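# Tertiary structure, described
The lines below spell out each chain.
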Amino acid sequence: MDANVRDLLNDQVGNEFHAAYLYLAMAGHFETHGYQGFAQWFRMQAREESGHAMRLFDYLVERGEEVELKQIDQPPKSFGSPQEAFRAALEHERKVTGQINRIYEAASAASDYPTQIMLQWFIQEQVEEEQSTGRAVEQLEMAGENRAALLMLDTSFGERSSGEG
Ligand code: FEO
């Protein structure tokens, strides 16, 4: 495998775990602010991100490449209002989309076809993640400061039990 592609894939294992860590921190934030539903949503999101990291880990192993785990930065402790937290999550997803695109570009430049095929799953996943997080932001912005509306959204987001957003 091209060294640049391998390095980017190794970095992405860390980036996905970083996303998991960030969303787990958001789950903790909401647990302590009375929004158990938003907390559940972010717990599920964190679990998905760990799955993404493992998918890349497994791919490196499958290709016979060395896995090099990088340091994971500490996430913030506090995230403000639900609107602010979900907006930060959307920003983060856009950042991840950029990371995935850069790996795809490197794989294309290196004529690494298997990596391009593997990354197609991630490219599609990012479309879904940006859509589901973007929809959450829209709903929260509609609710504004209305406590009753926010609590209704908290209940509805708390019904998330699997991967889908
Ligand atoms: Fe693994 Fe939400 O990007």
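Refer to the preceding data block for the structure.
Basis of the calculations
Residues numbered from 1 in each chain as written. Predicted model: local features only at pLDDT ≥ 70, side-chain atom pairs only at ≥ 80, totals over all residues. Heavy atoms only, no water. Helix = DSSP H or I, 4+ residues; strand = E, 2+ residues; numbered from the N terminus. Contact = heavy atoms within 4.5 Å. Polar contact = N/O pair within 3.5 Å; in protein donor to acceptor, adjacent residues only side chain to side chain. Buried < 20%, exposed > 50% of the residue type's maximum accessible area, 1.4 Å probe, protein only. Core = buried A, V, L, I, M, F, W, Y, C linked by side-chain atoms within 4.5 Å.

## Some details on the environment of Gln40
Relative to the elements of secondary structure, Gln40 occurs in helix 2 (residues 36-62). Separated by 16 residues in sequence, Gln40 and Leu24 have C-alpha atoms that sit 9.6 Å apart. Filtering out sequence-adjacent residues up to four positions away, Gln40 remains in contact with Gly158, Arg160 and Ser161. Polar contacts involving the side chain of Gln40 include one to the main-chain carbonyl oxygen of Arg160, which spans 3.0 Å.

## A closer look at the side chain of Asn10
Tracing the chain through its elements places Asn10 in helix 1 (residues 3-31). Asn10 gets classed as buried once you look at its relative accessible area, which sits at 3%. Of note is the side chain of Asn10, whose polar atom sits 2.8 Å from the backbone nitrogen of Glu68.

## Some details on the nonpolar core
Counting residues in each nonpolar core, the largest one holds 25 residues, and the members touching the most others are Tyr23, Phe30, Phe38, Phe42, Phe86 and Phe157. Those elements that provide at least two residues to this core are helix 1, helix 2, helix 3 (82-109), helix 4 (113-143) and helix 5 (147-157). Discounting residues that sit within four places of it in the chain, Phe30 has contacts with Tyr35, Gln36, Phe38, Ala39, Phe42, Pro82, Ala85 and Phe86. Core analysis: the next-biggest nonpolar cluster, separate from the first, contains 14 residues, Val5, Leu9, Leu56 and Met118 among them.

## A look at unusual backbone geometry
The phi torsion at Ser111 lies on the positive side, around 50 degrees, for a residue other than glycine. Structurally, Ser111 is set in the loop between helix 3 and helix 4.

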